[in-house]
Amino acid sequence: MKRTFIADALNAALPSQDITVCGWVRTRRDAKGFSFVELNDGSCLAGMQCIVDEGTPAFEALGAANTGAALCVRGELVTSPGKGQKWEIRAREITVYGLADPESFPLQKKRHSDEFLRGIAHLRPRTNKYGAAFRIRSEAAFAVHEYFHRERFALVHTPVLTGSDCEGAGEMFRATALAPGETDFSRDFFGRPAQLTVSGQLEAEALATALGRVYSFGPTFRAENSNTPRHAAEFWMIEPEMAFADLNDLMALAEELTRFVVDHVLTQCAADLRLFDSFVDKGLIDRLKAMVSEPFARVSYREAVEILQKCGRDFVYPVSFGTDLQTEHERYLAEEHFGRPVMVHDYPKAIKAFYMRANDDGETVAAVDMLVPRIGELIGGSQREERLDVLTARVQELGQNPESYWWYLDLRRFGTVPHAGFGLGFERLIMMLTGIANIRDVLPFPRTPGSLEF
Ligand code: 4AD
Ligand code: MG
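Within each chain, residues carry numbers counting from 1 in the order of the written sequence. Just so you know, chain letters begin at A and ligand numbers begin at 1, following the order they were written in. Restriction of local features to residues with pLDDT of at least 70 applies here, the model being predicted, together with a cutoff of 80 or more for giving and counting side-chain atom pairs; totals for whole chains, interfaces and linings are based on all residues. The basis for the side-chain values is all heavy atoms of the structure; hydrogens and waters are excluded.

Visitor: How should I be thinking about the site of ligand 1 in this particular structure?
Guide: Contacts to ligand 1 come from 25 residues, most closely from E167, Q201, R222, E239 and E377. In protein, a polar contact means a hydrogen-donor-capable atom and an acceptor-capable atom, both N or O and within 3.5 Å, with residues adjacent in sequence counting only if both atoms are side-chain atoms; elsewhere, any N or O pair within 3.5 Å suffices. Note that a nitrogen atom of ligand 1 is positioned 2.8 Å from one of the side-chain N or O atoms of E224. One of the backbone nitrogen or oxygen atoms of F422 is found 3.4 Å away from a nitrogen atom of ligand 1. For every accessible area listed, the method is Shrake-Rupley and the probe measures 1.4 Å; residues are considered covered only by the protein chains on display. In the complex, the protein chains occlude 93% of the 630 Å² of accessible area that ligand 1 would expose alone. Every helix listed is a DSSP run of H or I at least four residues long, and every strand listed is a run of E at least two residues long, numbered separately from the N terminus. For the shell around ligand 1, the secondary-structure elements that each account for two or more residues are β11 (234-243), β15 (376-383) and β16 (419-425). When residues in the shell around ligand 1 are grouped by element, the largest group, 5 residues, is from β15. Side-chain classes follow a simple rule in which Ala, Val, Leu, Ile, Met, Phe, Trp, Tyr, Cys and Pro form the nonpolar group, Asp, Glu, Lys and Arg form the charged group, and the remainder, Gly included, forms the polar group. Grouping the amino acids of the shell around ligand 1 by side-chain chemistry returns 9 nonpolar, 8 polar and 8 charged. Throughout, near means a residue has at least one heavy atom within 4 Å of the molecule or strand.

Here it is as structure tokens:
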């Protein structure tokens, strides 16, 4: 069967043609002599109105099909005399594939709460809001690939199963093939403990020092038991890594990539964004447009701490040089002080990971976090320590055995080069693009503490 997607039918404006559209009934209204069926096929926010005349075979085939039913309608695309849509289909043939019992189908035509919809994650993509969110997610992912492809970054696939903790935070999910209760990892599948990766960075560095510029875009896992609207146990990260690059190159990349994706979504997902602008986050579109046209702010961690100390705010967590910035601080900086995304750079080394390049002041490392309004940290990255002696000393200082980093240190032994990379949390990007405030609502099937139903 040759089917036409509603997105194409509405754009192409091909009246007086027979087309077939397939989707799920959003509403059905029966009038005198005919029925209106509004069909949505997921290709766009808008549905297609279908007119089914009583006494026709199509009407017969439609039968009792109502909200939630899956069907295909074949008929002529004509200009609609009714309000609200330009085109409609005069049904000639209808095939009903599956009915939905109106007594038990949970998605009736009314607004449901986000909490209720999380409980039916398998059906919520059929609502306007979640359909729009997942289309935007798809377009944003496509834009990421397009940007990196254009900029000569090679896409690399880094392992999901790993033996090392890149971030050193120890928040990992163990992966084992041992029977429950067995603890001798030498008898486990890999002969050693294994985990789900928290980041593909270390492997991406190896590939960047061969291919020049690479990026990975894959799932990462963190067993941090922080039940916040911004943390998921399984989330997708975009991790570019560039050889022959320093912190400034990295900040330029972070800004350009973010802007490219925002711009792409503004042009490709206009109708979906209008839904979020009207019902979820008023002013969203204007804020996204401003991101595309105005440069992001930059401030050193030291300056950021001064701003926070002088701003007269009563933060739950006090700040001073050496403390990690909390979400309340990050949001104050991005939302109120700068009113746009801000890149905070050169953090104290004590609060950052072992691989970040030491600055000459002996106190800070060449790290950068990009903070955005309403979310806080969207991107975290750094220039990497490329000096073998400095990196080895740092590993030892942290009480680790350099031997276990042998291959990572090899990259500094053989043809070492200044290089830099970051991780961008894809879900947080989608939160920024849609105004959705909870990470559970931008992941189709979120994994958070205590939640693994679907
Ligand atoms: O700042 P993070 O921990 O950086 C790294 O993992 C580096 N190894 C990345 C690199 O340099 N290649 O994580 C990067 C980003 C954060 O800025 C945040 O947007 C997101 O990943 N993130 C999470 N998103 C959702 N849920 C979580 N639990 C997250 N933890 C981090
Ligand atoms: Mg971080």
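Having seen the model, we can carry on.
Visitor: Got a minute to help me understand empty space enclosed by the protein in this structure?
Guide: Any empty space left between the atoms is revealed when a probe the size of a water molecule rolls over them. Only protein atoms enter the 1 Å grid used here. Points where a 1.4 Å probe fits but cannot escape make up a cavity, open sets with protein on both sides within 12 Å along at least five of seven lines make up a pocket, and a residue lines them when an atom lies within 4 Å of a point. Grid points are joined across faces, edges and corners, and a volume is the space filled by probe spheres set on the points. Taken as a whole and judged by the stated rule, the model has 1 cavity of 30 Å³ or more. Within this model, the largest cavity holds a volume of roughly 40 Å³. Around the largest cavity sit T162, S164, C166, T197, V198, S199, L202 and E203, which together line it.

Visitor: Can you walk me through the environment of R313 in this structure?
Guide: Inspection of the secondary structure puts R313 in the loop between α9 (301-310) and α10 (327-337). By relative accessible area, R313 is classed as partly exposed at 41%. Residues R313 and L45, spaced 268 residues apart in sequence, show a C-alpha to C-alpha distance of 42 Å. Between buried and exposed lies partly exposed: a residue is buried under 20% and exposed over 50% of the maximum accessible area for its type, with that area taken using a 1.4 Å probe on protein chains only.

Visitor: Mind showing me how you'd approach the sheet that holds strand β5 (residues 87-98) here?
Guide: Remark on secondary structure: sheet strands pair via backbone hydrogen bonds, oriented parallel or antiparallel. Around the barrel, which closes on itself, the 5 strands sit in the order β1-β2-β3-β5-β4 with mixed pairing between neighbours. Within this sheet the neighbouring strands show an average axis-to-axis angle of 50°, counted without direction. Only strands that DSSP links by at least two bridges are regarded as paired with each other. The sheet contact formed by strand β1 (residues 17-31) and strand β2 (residues 34-40) spans 7 bridges and is antiparallel. Note that in β2 the partner of A31 across the bridge is F34. Lines fitted to C-alpha atoms define the axes, with helix axes restricted to the stretch in contact, and inter-axis angles between N-to-C directions lie between 0 and 180 degrees.

Visitor: Can you walk me through the pattern of salt bridges in this structure?
Guide: Two side chains with opposite charge may pair up if their charged atoms get near one another. Each salt bridge in this description consists of a side-chain nitrogen of Lys or Arg and a carboxyl oxygen of Asp or Glu lying within 4 Å of one another. As enumerated under the stated definition, the model contains 27 salt bridges in all. In this structure, the salt-bridge partner of E363 is R302, at a minimum N-O distance of 3.0 Å. With E363 in the loop between β13 (342-348) and β14 (364-372) and R302 in helix α9, the pair connects residues that are 61 residues apart, well separated along the chain. A relative accessible area of 38% places R302 in the partly exposed class. With a shortest N-O distance of 3.7 Å, E397 and K349 are connected by a salt bridge. Here E397 is found in helix α11 (residues 388-397), whereas its partner K349 is found in the loop between β13 and β14, with 48 residues between them in sequence. Residues joined in a network through salt bridges with shared partners are E205, E241, R384 and R412.

Visitor: Is there a simple way to think about the side chain of E330 in this case?
Guide: As for its position among the elements, E330 is in helix α10. Contact between two residues is taken to exist if any of their heavy atoms lie within 4.5 Å; hydrogens are not considered. In this structure, E330 is in contact with L325, L371, G376 and E377, ignoring residues within four places of it in sequence.

Visitor: Just checking my understanding: could you explain the environment of A245 for this structure?
Guide: Mapping A245 onto the fold places it in the loop between β11 and α6 (247-268). As for A245 and Q383, which are separated by 138 residues in sequence, their C-alpha atoms are 7.8 Å apart. Dropping the residues within four chain positions of it, A245 is found in contact with Q383, P418, H419 and A420.

Visitor: Before we go on, may I ask you to explain the state of the cysteines in this structure?
Guide: The disulfide criterion used throughout: a pair of cysteine sulfur atoms within 2.5 Å. In this structure the tally under the stated criterion is 1 disulfide. What pairs with C22 in a disulfide is C72, and their sulfur atoms sit 2.3 Å apart. Between C22 and C72 the sulfur-sulfur dihedral comes to about 110°; the bridge is accordingly right-handed. Here C72 lies in strand β4 (residues 70-79) and C22 lies in strand β1, a separation of 50 residues in the sequence. Here the two residues C22 and C72 agree in accessibility, since each one is buried. Between C44, a cysteine without a disulfide, and C269, which holds the nearest cysteine sulfur, the sulfur-to-sulfur distance is 12 Å.

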